[in-house]
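Read off the chains here:
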Amino acid sequence: MSGRVIMHLDMDAFFVNVELLQRPELRGKQIIVARESERSVVLSASYEARVYGVRSAMPLVQAKRACPTAIVVEPSQPYREYSAKVMKILHEVTDRVEQVSVDEAFVDLTPTLKRLGDPVQTAQRVRERIHDELNLPCSAGIAANKFIAKMASSGSKPNGLWVIPPYRVQEFLDPLPVGKLWGIGPKTAQNIESMGIHTVQQLRGCTLPFLQQKFGQSLGAHLFAICRGKDDRAVVTEREEKSMGAEHTFLKDTHEGTQITQELFSLAMGVARRLRSADKYAQNLSFKIRFEGFETITRSCMLTSPTDSGQKIYRAVIKRLLELGILEKQNDGALIAPRAIRLLGVRAERLQTRSSGFQESLFAEDMTAVREQGAPDWYSVESAMDQIHSKFGSHGLLPATLLKKHSG
């Protein structure tokens, strides 16, 4: 191959295969990795279970109906630890690595061509190292851009390697159903097929003005490009998080204010801990509520000043929930949700790094209030908790409001 050479590496059934390292007797069986609860979703499934239509993000109840003989394994292994080991192997080949999830990455092999030679052999050596050192299978695709490399790795699964040189791109793409194009969701695929366009070759026969008229300027131009295998995006070696969030689904829909506020507090503390770990502040918040019946709303929650304190995140969200009537205060001061809640989510947004130099001015106003009112310095308290958690785990020290939640 000549010109730019991109590899997409994707671990095969990553969560399943990491679990099988500790339970090898389950190899070859129908495995679903998921938490055992009626609201749980599939984290990963073995290929033996996928034959029955089981897939990631499918409700566990539905997955069990599709594959009733499957063995459900609770997620327990250190997935991020194994992910880091995989990425370390990639970084030993080149520093041009873009990790896009815990189990996949794009690698720009172009700079390695003179040093390491044939990129296909380089990719195969990487796959062999991952297998030999970690006992984990993976698939890879090699092409001249990220889009085709991703399509190639998907097509090579499981445990394969597919190389698509530029002169064979159209031969590869044209027979595919439009729904197989990476990034085209089911709804868009359905809209395309409703026009009698079922294959990539048929899509390629559409003009740019036609696609933009039907799907808008941006999506129309994107469809026009990808059906021709065009993608100019570079491998991005540093991906800065623009937001951090966490969600929780209750086992049963609940009106109970204590249960709701405890979970919100837990989510807020978890998000704040991630902020401090990344040396960032949130300048804005948002929260997600899913009610019984699956109606879901997302609302913003303004902060008076940037923060990385779980206490401040929690108080800001509670205040907004009361303003919107999602929570109501009863005569005895207890909180209740007029509509039963199924899911809660909290997200920190508009992140700013601590090194931007506003920390002292940020807390100047808050700290004046602390000195005048005798309120706790939550930044110092939560930072001390971080140090304890790093030594004894996240349950080594808990706020009193969470003790009942974790003891029960």
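What you see is a predicted model; the values in this text were computed from it and never measured.

A. Quick peek at the sheet that holds strand E1 (residues 6-11). The strand order across the open sheet built from five strands is E5-E6-E1-E7-E8, with neighbouring strands paired in mixed fashion. Looking along the sheet, the strands with just one partner apiece sit at the ends: strand E5 (97-101) and strand E8 (161-163). Taking each pair of neighbouring strands and ignoring which way they run, the sheet shows an average axis angle of 15°. Taken strand by strand, helix H4 (residues 79-91) contacts E1, E5 and strand E6 (104-108), and its axis lies near 160° from that of E5. The strands touched by helix H6 (residues 119-134) within the sheet are E1, strand E7 (138-143) and E8, with E7 carrying the most contacts at an inclination of about 165°.

B. A look at the environment of alanine 105. You can see alanine 105 is positioned in strand E6. With 95 residues separating them in the primary sequence, alanine 105 and aspartate 10 have C-alpha atoms 6.8 Å apart. If we ignore the near neighbours within four places in the chain, the residues touching alanine 105 are Met7, His8, Leu9, Met87, Leu90, Val97, Glu98, Gln99 and Val100.

C. View of the pattern of salt bridges. Evaluation of the coordinates by the stated rule reveals 19 salt bridges. The salt bridge involving lysine 157 is made with aspartate 10; its shortest N-O contact spans 3.9 Å. Highlighted residues: lysine 157 in the loop between helix H7 (146-155) and E8 and aspartate 10 in strand E1, separated in sequence by 147 residues. Among the salt bridges present, the one from aspartate 253 reaches arginine 342, with a minimum N-O distance of 3.8 Å. Taken together, the positions of aspartate 253 in strand E9 (residues 243-256) and arginine 342 in strand E13 (residues 335-353) put the pair 89 residues apart, joining distant regions of the chain. For aspartate 253, a relative accessible area of 28% gives the class partly exposed. By relative accessible area, arginine 342 is classed as buried at 16%. What emerges from the salt-bridge pattern is a single network uniting Lys88, Glu92, Arg129 and Glu133.

D. A look at unusual backbone geometry. Here the bond from lysine 157 into proline 158 is cis, since omega is -5°, no more than 30 degrees from zero. When you line up the elements, proline 158 lands in the loop between H7 and E8. You will see that asparagine 135, though not glycine, has its phi angle at about 60°, which is positive. Tracing the backbone shows asparagine 135 in the loop between H6 and E7. If you check the backbone angles, phenylalanine 294 has positive phi at about 75° while not being a glycine. Relative to the elements of secondary structure, phenylalanine 294 occurs in the loop between strand E10 (280-291) and strand E11 (296-307).

E. Expanded view of H4. The end-to-end C-alpha distance of H4, which contains 13 residues, comes to 18 Å, matching closely the 18 Å that a straight helix rising 1.5 Å per residue would cover. Every buried residue of H4 is accounted for by Tyr79, Tyr82, Ser83, Val86, Met87, Ile89 and Leu90. The arc that holds every buried residue of H4, seen down its axis, measures 155°, which confines them to one face. Facing away from the buried side of H4 by over 90 degrees, the exposed positions are Arg80 and Lys88. Turning to H4, the residues buried within the fold contact E1, helix H1 (14-20), strand E2 (31-33), E5, E6 and H6.

F. Summary view of the side chain of glutamine 212. Its place among the elements puts glutamine 212 in helix H11 (residues 208-215). Looking at glutamine 212, the relative accessible area reads 18%, which means it is buried. Engagement of the side chain of glutamine 212 in a polar contact is seen with the backbone oxygen of glutamine 217, the distance being 3.2 Å. Once residues within four sequence positions are removed from consideration, glutamine 212 is found in contact with Gln217, Gly220 and Ala221.

G. Structural view of the nonpolar core. Ranked by internal contacts, the top residues of the largest apolar core, which has 35 residues, are Met7, Leu9, Met11, Phe14, Leu90, Ile130 and Leu136. Secondary-structure elements contributing two or more residues to this core are E1, H1, E2, H4, E6, H6 and E7. It is H4 that provides the largest number of residues to this core, a total of six residues. In contact with methionine 7, other than residues within four places in its own chain, are Leu90, Ala105, Phe106, Val107, Leu109, Ala123, Ala140, Gly141, Ile142 and Ala149. One finds Phe250, Val317, Ile326 and Ala348 within the second-largest nonpolar core, a separate group that totals 34 residues.

H. Region of the structure containing the side chain of serine 44. Considering the arrangement of structural elements, one finds serine 44 in strand E3 (residues 44-45). Note on serine 44: relative accessible area 3%, which makes it buried. Those residues in contact with serine 44 that sit more than four places away from it in its chain are Ala13, Phe14, Phe15, Val16, Ile31, Ile32, Val33, Arg50 and Ser56.

I. Highlighting the packing of helix H13 (residues 257-277) against helix H14 (residues 310-324). The contact between H13 and H14 brings their axes to 8 Å, and the two run at 135°. When the axes of H13 and H14 are compared, the pair comes out oblique. Crossing geometry of H13 relative to H14 is assigned as right-handed. Residues Thr261, Leu264, Phe265, Ala268, Met269, Val271, Ala272, Leu275 and Arg276 of H13 lie in contact with H14, whose contacting residues are Gly310, Gln311, Ile313, Tyr314, Val317, Ile318 and Leu321. For the contact of H13 with H14, the class distribution of residues is twelve nonpolar, three polar and one charged.

Conventions we followed
- Residues numbered from 1 in each chain as written.
- Predicted model: local features only at pLDDT ≥ 70, side-chain atom pairs only at ≥ 80, totals over all residues.
- Heavy atoms only, no water.
- Pairing = 2+ DSSP bridges.
- Helix = DSSP H or I, 4+ residues; strand = E, 2+ residues; numbered from the N terminus.
- Axes fitted to C-alpha atoms, helices over the stretch in contact; angles between N-to-C directions.
- Contact = heavy atoms within 4.5 Å.
- Salt bridge = Lys/Arg side-chain N within 4 Å of Asp/Glu carboxyl O.
- Buried < 20%, exposed > 50% of the residue type's maximum accessible area, 1.4 Å probe, protein only.
- Expected span 1.5 Å × (residues − 1).
- Arc of directions from axis to C-beta.
- Polar contact = N/O pair within 3.5 Å; in protein donor to acceptor, adjacent residues only side chain to side chain.
- Core = buried A, V, L, I, M, F, W, Y, C linked by side-chain atoms within 4.5 Å.
- Parallel < 35°, antiparallel > 145°, perpendicular 65-115°, else oblique.
- Left-handed = near helix turned anticlockwise from the far one by under 90°.
- Nonpolar A, V, L, I, M, F, W, Y, C, P; charged D, E, K, R; others polar.

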